[in-house]
Each structure stands twice: as C-alpha cells, then as structure tokens.
Amino acid sequence: MEIFTKGIFGNIYYNINEKQRFVYKKWRSRENISMRKVRNIFMKSTGVVRRVDDLGRIVIPKEIRRTLRIRDGESLEIFVDREMITLKKFSKMSDMNEVAKELVEIINATIDKTVLITDRDKFIAGAGPLKKKYIDLNISRYLEKVMKDRTSVFEPSIHSVELCENEKDKLSYFIHPIIMNGDAVGLVLAISDKNDIAKLDEKLISVVAQFLGKHIEE
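Here's what I pulled together on the structure shown here. Not measured: the values here are computed from a predicted model.

Side note on the sheet that holds strand S7 (residues 153–164)
Within a sheet, adjacent strands bond to each other through the backbone by hydrogen bonds, running parallel or antiparallel.
Here is step 1: Spatially, S6-S5-S9-S8-S7 is the arrangement adopted by the 5 strands of the open sheet, whose pairing is antiparallel. What marks the edges here is a single partner per strand, and that holds for strand S6 (123–127) and S7. Going across the sheet, the axis of each strand differs from the next one's by a mean of 40 degrees, ignoring polarity.
Here is step 2: Across 9 bridges, strand S8 (residues 167–180) lies against strand S9 (residues 183–192) in antiparallel orientation.

Here it is, written out as structure tokens:
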C-alpha cells in the first residue's frame, strides 16, 4: 500500500505493511493511539548517536548523506515536534510543483512528447505516455552531471541513455537545466521512443526551464 502523508512524517511516500496500515488508520480516525506510537511505527532508527558541539552542530554520517543524496552546501529544512527534531532536504522546486504539473500537461499537448521536470534529486512532474516510468524516481548520475554542467543536451536520434538510477532506455531527448540565481535546481526534459525530437521541442522546453527558474527566484 502506498500513501502520501504530511506533517510529522514529512512529505514522503511510504510503502507500509499491515501493522503500519492499522496504526495509520487509527491515527487518521483519531482513535485511541498516541502520536509517539505512530512515530515509533513509521520512523526507522539508524542507531547513530552524535554529540552536539559547543557551536550547536552535529555531523550527519556519510552513509546517510550518500543514501539521501545530501550534497556539500545543500540546505536542510528543520521541523520540530515536541521532543523530536526532523531534518528534511530542502528543494527550491517544492513551491513550484503544482505549476510544474500544469506546465508539462500544456507542453505535452503542444508537442506530443513526454515532458518531465525534476528537482535536484528526482522526477517531480510529467505528462505523456512515458511519464509513469519516471515519476518519483531518483534521477541518474548522468542527469546530475547535466545539471552540474548547466548545459542543455539535444539528442534527436534514439540511443541508450540512463535517466533514472540503474535503468537504461532507448530514447531521443532534449534536456535543459532550470537555473535560479546561477544555480541549477532542476531539469526539464522532452523524451520520445522515436526519432522525432525536433527544434520546436527544444525551443519550448527551453522556455519552460527559463520560466520556472525566473519564478523560483521571485
């Protein structure tokens, strides 16, 4: 079972088992179950203990940073719930999710290609026949490099490419980074399983990327 929850769980997708489903239903219906029990069921302990130094700092272990793709210099959002402090990766694209979903629908209807939008970690919006394969999956190291290089990539002919982690597909595509204040915060892609990515697709995807970058800045 897949659910989407907010608040004490953060904005995260969870695959939950029968015990968790029972607890979640109890909590949602406000029956006799404590918030502590809900947190204990859903939150996984890492077994890691860190001291706070005299400047109030703690070190997030390297393996956790690698697993959650927390990069040097990246921002974390801080949530407090009674005695608990929760850290969540901060995405500058998060406020644009609804706009992104509307944009991909419009562009898909115009160019008849699958259109995808990512933040720095995963695919957050999509429209078109291939979107279900990518939404909510982590982007590949290749796309991370494209974002880091801040350059667009135009490939009108089908060839093997890895867009999400550990999975290659045969596609033609155009990729354009979303730039905010000089930093790449995401990507816009037009992809196809045919040799039909055209200059019009390139222009429209570029406009969408520029539009998103400008509105995030504002």
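Points about the nonpolar core
Here is step 1: With 23 residues, the main nonpolar core has Val115, Ile117, Ile178, Val188, Ile205 and Leu212 as its most contacted residues.
Here is step 2: If you list the elements that add at least two residues to this core, you get helix H4 (97–111), strand S5 (114–118), S6, S8, S9 and helix H6 (199–217).
Here is step 3: Counting 17 residues, the second-largest nonpolar core is a separate cluster that includes Tyr134, Leu171, Tyr173 and Leu189.

Let's talk about helix H5 (residues 141–149)
Here is step 1: Along H5, the positions that sit buried rather than exposed are Leu143, Glu144, Val146 and Met147. Along the axis of H5, the buried positions cluster into a sector of 160 degrees, meaning they face one direction only. What points out from H5, more than 90 degrees from its buried face, is the exposed set Arg141, Lys145 and Lys148.
Here is step 2: Residues of H5 that are buried sit in contact with S5, S6, S7, S8 and S9.

With respect to the pairing of S6
Here is step 1: The buried fraction of S6 amounts to 5 of the 5 residues, a majority that puts the element mostly inside the structure.
Here is step 2: Connecting S5 to the next strand, S6, in antiparallel fashion are 4 residues.

A short note on a nonpolar patch on the surface
Here is step 1: A cluster of nonpolar side chains, namely Ile78, Val80, Ile85 and Leu87, defines an oily patch on the protein surface of about 440 Å² accessible area.
Here is step 2: You can see Val80 is positioned in strand S3 (residues 76–81).

Here's the deal with the environment of Ile70
Here is step 1: Mapping Ile70 onto the fold places it in the loop between helix H3 (62–67) and S3.
Here is step 2: Overall, Ile70 belongs to the buried group, its relative accessible area being 16%.
Here is step 3: Other than its neighbours up to four places away in sequence, Ile70 contacts Arg65, Leu76 and Lys89.

Some points on the pattern of salt bridges
Here is step 1: With the rule as written, the count across this model stands at 9 salt bridges.
Here is step 2: One salt bridge connects Arg57 with Asp53, and the closest N-O pair in it is separated by 2.9 Å.
Here is step 3: A relative accessible area of 30% means that Asp53 is categorised as partly exposed.
Here is step 4: Between Asp183 and Arg150 there is a salt bridge, with the nearest N and O atoms lying 3.8 Å from each other. With a gap of 33 residues between them, Asp183 in strand S9 and Arg150 in the loop between H5 and S7 connect regions that are remote in the sequence.
Here is step 5: Members of the salt-bridge network, linked through shared partners, are Lys133, Glu167 and Asp169.

Let's talk about unusual backbone geometry
Here is step 1: The backbone phi angle of Arg150 is positive, close to 55 degrees, even though this residue is not glycine.
Here is step 2: Assessed through its relative accessible area of 47%, Arg150 is described here as partly exposed.
Here is step 3: Look at Asn166: it is not a glycine, yet its phi comes out positive at around 60 degrees.
Here is step 4: Relative to the elements of secondary structure, Asn166 occurs in the loop between S7 and S8.

Topic: the side chain of Thr114
Here is step 1: Within the element layout of this structure, Thr114 appears in strand S5.
Here is step 2: Residue classification places Thr114 among the buried positions, given a relative accessible area of 2%.
Here is step 3: Side-chain polar atoms of Thr114 contact the backbone nitrogen of Leu130, separated by 3.1 Å.

Calculation criteria
- Residues numbered from 1 in each chain as written.
- Predicted model: local features only at pLDDT ≥ 70, side-chain atom pairs only at ≥ 80, totals over all residues.
- Heavy atoms only, no water.
- Pairing = 2+ DSSP bridges.
- Helix = DSSP H or I, 4+ residues; strand = E, 2+ residues; numbered from the N terminus.
- Axes fitted to C-alpha atoms, helices over the stretch in contact; angles between N-to-C directions.
- Core = buried A, V, L, I, M, F, W, Y, C linked by side-chain atoms within 4.5 Å.
- Buried < 20%, exposed > 50% of the residue type's maximum accessible area, 1.4 Å probe, protein only.
- Arc of directions from axis to C-beta.
- Contact = heavy atoms within 4.5 Å.
- Patch = residues over 30% accessible without salt bridge, like charges linked within 9 Å, V, L, I, M, F, W, Y side chains within 5 Å.
- Areas by Shrake-Rupley, 256 points an atom, 1.4 Å probe, with all protein chains shown as cover.
- Salt bridge = Lys/Arg side-chain N within 4 Å of Asp/Glu carboxyl O.
- Polar contact = N/O pair within 3.5 Å; in protein donor to acceptor, adjacent residues only side chain to side chain.

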